[in-house]
Amino acid sequence: MSAAAAVLRRLTFSREVVLLGVLIVLMIVMSILSPFFLTVNNLLNTSRFFVEVGLMSLGMTLIIITGGIDLSVGSNLGLSSVAIGFSFAAGLPLPLAIVLGLVVGTAAGLFNGLFITLLDLHPLVVTLGTFALFQGLAYGATGAEAVSDFPGWFAYFGQAYLGPVPGQLFIFIVAVVMVWLILSRSRFGRYVYAIGNNEEAARFSGVPIRRVKIAIYSGIGLLVGMAAVIYTSRVYTARGDSGLGLELDVISAVVLGGASIYGGSGTIAGTVLGVLIIATLRNGLTLAGVPSTWVLFVLGVLLLVAVFFNEFFRVKEE
Amino acid sequence: MPVKESKMHRKGGRNVSTRQMWGFKGVRALLLMALILIAASCGVGQQAQQGGGGGGGPTKICMMPKLVGIPYFNAAEKGAKEAAEQLDIQLVYDGPTEAKAALQSQMIEQWIQQQCSAITVAANDPNALAPAMKKAGDAGIKTGAWDADVAQDARDVFVNQATFEAIGYKMVDLMAEQTGGKGKFLVVTGSLTAPNQVAWLKYMRERMKEKYPEMSIASVQPGEEDLQKGIDITKNYLQANPDTAGVFGITSVALPGAAEAVKQIGRQGEVAVTGLSTPNEMKPYVNAGVVEKFALWNTVDLGYLAVYVANAQVEGNLPKSGTFKAGRLGKVKMLAPDEVLLGPPVVFSKENIDQYDF
Amino acid sequence: MSEARAPTEGRRVSRGEVLRRFMVRPEAPALVFLAVLVAAFSLSSDKFLSGTNFESIVISVAVLGIIALAVNQVVLCGEIDISTGSMMGLCAVAAGAVALSTGGLILPLLAAVAVGALCGAINGLLVTAGRIPSIIVTLGMLYALRGVILLVTGGTWITGVPNEARVLGTGTVLGVGYPVIILFALFLVMELVSRHSTWGRNVFAVGGNRRAARFAGLPIDRVRVLAFTLVGVFVGIASVIYMGRAGSVQTNTGTGLELQVVAAVVIGGTSISGGRGSSLAALTGAVLIGVILNGLVLLGVPGIWQQAVLGALILLAVATDVLRRRLVEGKA
């Protein structure tokens, strides 16, 4: 086989390139459906909406690579959000309240990690429990009320612009680079893949499984905390039900990006593409005037189709 | 560090060369993506900075309910569509599938890109939507609210269906008729924080204090706009407090739930049930005698009026006081320079309920 | 090598042994917890043990329990199904629509069961033939079906369901409500099927060790597709009961139910990794949830704390399961 053909073959079978193709096709379709889609304003505006999901997806990638899952990220966002808002309303200076939000998010993730590792429990059922617990705490502690009285500068996290580019996009890009470095360039990243491929073998190879798992669940907690700050700033309200339902978008993005739900594979590039595809769909369909009810249906079908093709390509590769 | 020393990397348990680790999968994809995005943003049409503003192009009214998929807002849509047809303008009626302010504000921000002439919204949270609505205003789009208001400085006009006072008083009056003006009552509401529901409760209590001192609200329970929940809450409460004189269901989901509960425990006629809801949902209960009378406003008309007001905003002829002519509704009162009133609440009963279909 | 316990030594079994054998059962912690809770609630509120209250508890969990019995089988064979909430909404819409147009009870019931079975079969096929993990399949279906409901109904509710179609929800036989009867009948059926039918035993095998089951020649694909389809059938039945009780079908019917169903299965003692559990576990879990939610209302705890309690319960249940296993099965 000639070198060119070999390169072509590798390109077409690379999951990320296929996803990129899907994204481009999708953007073309959306711009046909609505003349407002492919404008600088709109694209930048859309980027404001996907940063929160994007940050959480970065952390979820590591978790899914290890064969785990975290269903509680959406509820965690609500919990962190009310931690920020209500501590501020109670008198805590806003910068400290923001730090508190980050701490709460990380602590919640740590709780997940400890529960899963110390008791050797399946992440699905633990995070199902914390999904309900965190949301319940957020609601119960705040009496389902909301805080909306923030000083002007708080908007900078979620509503500021550097030139025409939304501020949070920079935060996202930095986070992408950092998590990517951790996953693909560090020993920690190799541990993550090792655990996903074969946990028993990893244990025998001396991988500190418990510590790695605790780290990744706490890590996503920190990312959730950051997302909570940005989200609360963007919608200008701290409510207990913020973020509910986002876990579906997050998991969809990671799975769409090529990570196997059984563990062992997945990349940051793929996840980022997954996030972009979902954001494009959501925004494009709304702009085209497609009613929300159709969007719901499309996203559900998309997840199924995406994973189906994922497995299809995976088998071809191996 | 091992990573730097060796030329071979371990990735996912396999040995891969540096090329494979860095090349096709990771960096290249990201670079290609970045290139595409830059090309897209430079090459393809640069639209004007502002997304909206009237003039040039047909009038497009973008109207948002609290959520889609419940009869109350389906009725409003009916009226809105009727008005749009009469005025020969374009209408976009859409909202989130859940009653969440965050989803609403996101949709509003997307609508700003869509060159709406006017955006009018029934707000789940008056403050949460303020930034998005202000942005719309800055972009030259006419802003308004209907059914549930946003912060006053975030919109130009509010289309009110009935004053909170009129609604609160009317419900208490209806209940007083049926219970002789005394007793302890349960109120089933939607959520404990919805501003309009909170306001109604305030006026209900006020009316009781002033006119019916022997009536009192013993408990307020949230049904969360879930029919089964409303039924269960009412049943549990009535069983635990059998001396309750009546139940107020003050949302279009809570009232049928309360009626169903009273019917299931067989206490219709003993426990009075009234409140706010849409006629179609209540027909079976009114005809069965579980509910004598209940109130609402004509929701179809509300949607109709909201579109007319938005259109008047776009054309610049919305008055600041007095009355405003809104199609088949005739003259509608301006409560304030920024508030339009639909009219008094409508009372539904066995006599007139079949005339309505929403 | 662990020592094999030999309870057949001698015919006399000590009381300690009986206790240990009980504690080894997966439903044990849940049953004990249920007993403790019932005792605690009846002591703190005299309304708890009244006949009507207890029956209303069981009726309110009938829908939950019936679905949990079927999802239990799915979990036992190592999969999961979180699409049941939307599925129930769709089945209820089907039942309601048929009830409004043709009346009667049988036709709406058939419609609901057919729709449910179809959705369940789709789930099963996507998992087996599509080789998509069940968490993803049912997650996607959860979204997609909710969208289908909204599209099909156009957002309008189905109201004024005729009384004859509501019998399964509101009717009684010999003073006992239909939901209770159906729940216990289906429980008995599932117990029999689960323990004594080939399929039932295969479910345990597939969940316990899928590789071994495959090598043993078991039809793992068929086993799983049947499990998912069974969920659809049971959801259809439950939806007719729900419609009977509520009298109308909202577009958001069933939202959030899937979490409660999985919680019931897990809290009752069925292991999420598959291969261990029983129908009694699912039933106990459902009743336990009903008792707790009812008790909370009686105690005056604001409804807002319900989610938190549910979540804490799930965590408590799985934690005690692990601890129980370590204690009883012996790290000895």
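Residues numbered from 1 in each chain as written. Chains lettered and ligands numbered in written order. Predicted model: local features only at pLDDT ≥ 70, side-chain atom pairs only at ≥ 80, totals over all residues.

**Quick notes on the overall build of chain B**
We count it as follows: The way it works is that DSSP assigns letters per residue, a run of H or I at least four long becomes a helix, a run of E at least two long becomes a strand, and they are numbered from the N terminus. Working definition of burial: number of other C-beta atoms within 10 Å of the residue's own, with buried at 20 or more, exposed at 12 or fewer, and partly exposed in between, all C-beta atoms being placed from the backbone. Here contacts are defined at the residue level, using C-beta atoms placed from the backbone and a cut-off of 7 Å between them.
Counting its regular elements, chain B contains eleven helices and 16 strands. For chain B, buried positions account for 54% of its 358 residues. In chain B, 73% of the contacts between residues at least 6 apart in sequence involve partners at least 24 apart.

**What to know about the overall build of chain C**
Definition in use: Radius of gyration: C-alpha atoms only; globule rule: 2.2 Å multiplied by the number of residues to the exponent 0.38.
Secondary structure assignment for chain C yields 14 helices and two strands. The C-alpha radius of gyration computed for chain C amounts to 21 Å, which stays within 12% of the reference 20 Å derived for 332 residues, consistent with globular compactness. For chain C, the spread of C-alpha atoms along the principal axes amounts to about 65 × 55 × 35 Å. A total of 332 residues make up chain C; the buried ones form 55% of that total. Of the contacts formed within chain C by residues at least 6 apart in sequence, a portion of 81% connects residues at least 24 apart.

**A closer look at the environment of Ile-251 of chain A**
Residue position: Ile-251 of chain A is located in helix α12 (residues 246-256). Each C-alpha atom, one on Ile-251 of chain A and one on Asn-197 of chain A, is 19 Å from the other, the two residues being 54 residues apart in sequence. Setting aside residues no more than four positions away along its own chain, Ile-251 of chain A makes contact with Met-60 of chain A together with Leu-139 of chain C.

**A look at the interface of chain C and chain B**
With 20 residues of chain C in contact, the opposing surface of chain B contributes 21 residues. Elements represented by at least two residues in the side of chain C that touches chain B include exactly α3 (51-76) and α13 (279-298) of chain C.

**Topic: the interface of chain C and chain A**
Across the contact, 39 residues belong to chain C and 38 residues belong to chain A. Elements with a contribution of two residues or more to the side of chain C that touches chain A: α6 (134-153), α12 (257-268) and α14 (306-330) of chain C. Among the elements that make up the side of chain C that touches chain A, the one with the highest residue count is α6 of chain C (14 residues).

**Digging into unusual backbone geometry**
Phi angles above zero are rare outside glycine, and Asp-120 of chain A is one such case at about 55°. Relative to the helices and strands, Asp-120 of chain A resides in the loop between α5 (94-118) and α6 (123-142). A tally of 10 C-beta atoms within 10 Å means that Asp-120 of chain A is categorised as exposed. A positive phi angle, close to 55°, is found at Gln-115 of chain B, a residue other than glycine. With respect to the helices, strands and loops of the structure, Gln-115 of chain B is situated in the loop between α4 (101-112) and β5 (118-121). We classify Gln-115 of chain B as buried; it has 22 C-beta atoms within 10 Å.

**Some remarks on the sheet that holds strand β14 (residues 331-336) of chain B**
All names here are of chain B. Rules: Should DSSP find at least two bridges between two strands, the strands are taken to pair. Lines fitted to C-alpha atoms define the axes, with helix axes restricted to the stretch in contact, and inter-axis angles between N-to-C directions lie between 0 and 180 degrees.
Within the open sheet, the eight strands sit side by side as β4-β3-β5-β6-β7-β15-β14-β13. Their pairing is mixed. A strand with exactly one partner marks an edge of an open sheet, and here the two such strands are β4 (90-93) and β13 (323-325). This sheet shows a mean twist of 25° between the axes of neighbouring strands, independent of strand direction. With four bridges joining them, strand β3 (residues 60-64) and β4 adopt parallel strand pairing. Directly across from Ile-61, in β4, lies its bridge partner Leu-91. Lying on the sheet, helix α3 (residues 71-87) is in contact with β3 and β4; it crosses β4 at an angle near 165°. Set on the sheet, helix α11 (residues 299-315) makes contact with β3, β4, β5, β6 (142-146), β7 (157-160), β13, β14 and β15 (339-341); between it and β6 the angle comes to about 160°.

**Some thoughts on the domain arrangement of chain B**
By a frequent convention, interface size equals the accessible area lost on bringing the separate parts together. Residues and elements named next belong to chain B. Just so we agree on the cut-off: These domain boundaries are the output of an automatic or database domain assignment.
Annotation of chain B at the domain level lists domain 1 (60-161 + 299-341) and domain 2 (164-296). Once you take the C-alpha centre of each, domain 1 and domain 2 turn out to be 29 Å apart. Between domain 1 and domain 2, the contact holds eight residues from the first and eight residues from the second. Of the residues forming the side of domain 1 that touches domain 2, the biggest block, three residues, is contributed by α3.

**Focus: helix α9 (residues 254-264) of chain B**
All names here are of chain B. With ten of its eleven residues buried, α9 lies for the most part within the structure. The set of residues buried in α9 consists of Ala-254, Leu-255, Pro-256, Gly-257, Ala-258, Ala-259, Glu-260, Ala-261, Val-262 and Lys-263. Looking one or two residues beyond α9, the residue adopting positive phi is Gly-266, at roughly 70°.

**Quick word on the environment of Leu-222 of chain A**
Residues and elements named next belong to chain A. Locating Leu-222 in the fold gives a position in helix α11 (residues 209-235). Here Leu-222 falls in the partly exposed class, since 18 other C-beta atoms lie within 10 Å of it. Once the C-alpha coordinates of Leu-222 and Ser-14 are considered, the two residues, 208 residues apart in sequence, prove to be 31 Å apart. For Leu-222, the residues in contact, after removing those within four places along its chain, are Leu-102, Gly-105, Thr-106 and Gly-109.

**Considering the packing of helix α4 (residues 73-89) of chain A against α11 of chain A**
Between two packed helices, both the angle of their axes relative to each other and the distance between the axes serve to describe the pair. Residues and elements named next belong to chain A. To keep things clear, this is the line we draw: By the definition adopted for this analysis, an angle is roughly parallel if under 35 degrees, roughly antiparallel if over 145, roughly perpendicular if from 65 to 115, and oblique otherwise. It is the rotation of the near helix from the far one that decides the hand of a crossing: anticlockwise by less than a right angle makes it left-handed, clockwise makes it right-handed. Gly counts as polar in this scheme, as do all residues outside two lists: the nonpolar Ala, Val, Leu, Ile, Met, Phe, Trp, Tyr, Cys and Pro, and the charged Asp, Glu, Lys and Arg.
Here α4 crosses α11 at 55°, and the two axes come no closer than 8 Å. In this view, α4 runs oblique relative to α11, as classed from their interaxial angle. Crossing of α4 over α11 shows right-handed handedness. On the side of α4, the interface is formed by Val-73, Asn-76, Leu-77, Ser-80, Ser-81, Ile-84 and Gly-85, while α11 contributes Ile-220, Gly-221, Val-224, Gly-225, Ala-227, Ala-228, Val-229, Tyr-231 and Thr-232. Among the residues making up the contact of α4 with α11, the classes are represented as nine nonpolar, seven polar and no charged.

**With respect to the sheet that holds strand β9 (residues 215-222) of chain B**
Residues and elements named next belong to chain B. An order of β9-β8-β10-β11 is seen for the four strands of this open sheet, with the pairing classed as parallel. With one partner strand each, in any of the chains shown, β9 and β11 (272-275) form the two edges of the open sheet. On average, adjacent strands in this sheet sit at an angle of 25° to one another, irrespective of strand direction. Bridge count for strand β8 (residues 183-189) against β9 is seven bridges, and the pairing is parallel. Paired with Thr-189 across the bridge in β9 is Pro-222. Across the face of the sheet, helix α6 (residues 164-179) comes into contact with β8, β9, β10 (246-249) and β11 while running at roughly 165° to β11.

**Things to note about the confidence of the model for chain B**
All names here are of chain B. Quick reminder of the rule: For every residue, the pLDDT score states the predictor's confidence, bounded by 0 at the bottom and 100 at the top.
Within chain B, residue pLDDT values average 82, and 84% of them lie at 70 or more. The spread of mean pLDDT over the elements of chain B runs between helix α1 (residues 2-5), the lowest at 39, and β5, the highest at 95. Of the regions scoring below 50 in pLDDT, residues 1-13 engages in 22 contacts with residues more than four places distant in sequence or in other chains.

**As for the confidence of the model for chain C**
Interpretation of this model should avoid reading the predicted coordinates in detail wherever pLDDT is low. Residues and elements named next belong to chain C. Within chain C, residue pLDDT values average 85, and 94% of them lie at 70 or more. Mean pLDDT per element in chain C: helix α1 (residues 15-24) is the minimum at 78, and helix α5 (residues 106-128) is the maximum at 95. Low confidence marks residues 1-5, where pLDDT is under 50. Its contacts with residues over four positions away, or in another chain, come to zero contacts. Both scores are given for the predicted complex: the pTM is 0.80, the ipTM 0.80.

**With respect to the pairing of β7 of chain B**
Residue and element names in this part refer to chain B. Residues Val-157 and Val-159 of β7 are buried on one face, and the alternating residues Phe-158 and Asn-160, pointing to the opposite face, are buried as well. Note: β6 against β7, three bridges, orientation parallel. Paired with Ala-145 across the strands is Phe-158, a residue of β7.

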